[in-house]
Amino acid sequence: MNDTLLKFMLGAGHVRGVIVRLQSSWAEMRRRRRHAAVVQGLLGELTAASALLAGSLKFDGTLILQIQGDGPLRLAVAECQPDFGLRATMKIDGLIEQEASLRELANAHGMGRCVITLDPRKQLPSQQPYQGIVSLADAEGRGLDSLTQVLEQYLARSEQIPSWLMLASDEQASCGLLLQRMPDTGGSAGAAANQAEADEDFSRAMHLASTLGREELLRDSPEDLLRKLFWQEEPRIFNPQSPHFHCTCSKLRVADMLRMLGRDEVESVLKEQGEVDVTCEFCGARYGFDLVDAAQLFRPEINQPPVPTQRQ
């Protein structure tokens, strides 16, 4: 099973795209966290979407894509790291209908949100992660029924670049295709003619992509899909990326989290349970801290001056 992400350009360069197919990484996520089929499918789409969005950006950092819901789906999170390491999880509170839409799952009372966070790998002292938030409803307040609709709305509002998106997920694979019209450069004598040509190229690319069926997206390799859909556009494919499952949890990170909770909170858990037991929501790894471990967490650092050497 191969995981592949391809970035490409079409025709005269007015349309760029990203296509992703996740198999082994998606199988690993499903093995670690089992959910009802409808929410499992949504988590797969969310994971593919995080890779697509990361692949469309020139950004050195982690992209975090979240659905914050007010229905039985309380939270769904997918992370894509700079090397396309992926992880995802979700929290469910309530009964799930077998054919429930995104609106029914996460926007039952109109308070659902989609949050996209860009967390730079090398963060300047005063720099904060960028965060974009959009509703799970359209401009008229009508709830959106799919993640694709939500993300197209986000791209239109935040990047202000016409975009076309397709996502699909099943038990075998999680896949996605993103097309975007390149922004106008402006300022040239032929700017109007170039803009019209770019609009026409993007419209044609969307028309060709719309012939793609969900089963075809899940079945065929990214290379085969690009050849079948856009052979007339002479797609230029850049160096392929290899997405993979990778969880960034560690005992050191858990220790930092416990320090943030504070000594009183940690000692209260120790008194009640005899051990602080933390399980990673993404990969299921368990980290246990006993009395000795907890004492080390809050042990003050002692900075002693260096011992002078003796001359013989």
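Since the model is a prediction, treat every value here as computed from it, not as a measurement.

Draft legend 1. Spatial organisation of the side chain of Gln66. Tracing the sequence through the fold places Gln66 in strand E3 (residues 61-68). Setting aside anything within four residues of it in sequence, one finds Gln66 in contact with Leu75, Ala76, Val77, Arg113, Cys114, Val115 and Thr117.

Draft legend 2. Quick peek at the nonpolar core. Ranked by size, the top nonpolar core spans 53 residues in total, and within it Leu65, Ile67, Cys114 and Leu151 carry the most contacts. Broken down by element, the residue count for this core peaks at 11 residues, all from helix H2 (residues 37-56). Those residues in contact with Cys114 that lie beyond four places of it in its chain are Leu65, Gln66, Ile67, Gly132, Ile133, Val134, Leu136, Val150 and Leu151. Counting 23 residues, the second largest nonpolar core, distinct from the first, contains Leu208, Ala209, Leu217 and Leu226.

Draft legend 3. The arrangement of unusual backbone geometry in detail. For Phe84, which is not a glycine, the phi torsion comes out positive at approximately 65°. Mapping Phe84 onto the fold places it in the loop between strand E4 (73-80) and strand E5 (85-92). The phi dihedral of Glu234 is positive, around 50°, even though this residue is not glycine. As for its placement among the helices and strands, Glu234 is situated in the loop between helix H7 (222-230) and strand E10 (236-237).

Rules and cut-offs
Residues numbered from 1 in each chain as written. Predicted model: local features only at pLDDT ≥ 70, side-chain atom pairs only at ≥ 80, totals over all residues. Heavy atoms only, no water. Helix = DSSP H or I, 4+ residues; strand = E, 2+ residues; numbered from the N terminus. Contact = heavy atoms within 4.5 Å. Core = buried A, V, L, I, M, F, W, Y, C linked by side-chain atoms within 4.5 Å. Buried < 20%, exposed > 50% of the residue type's maximum accessible area, 1.4 Å probe, protein only.

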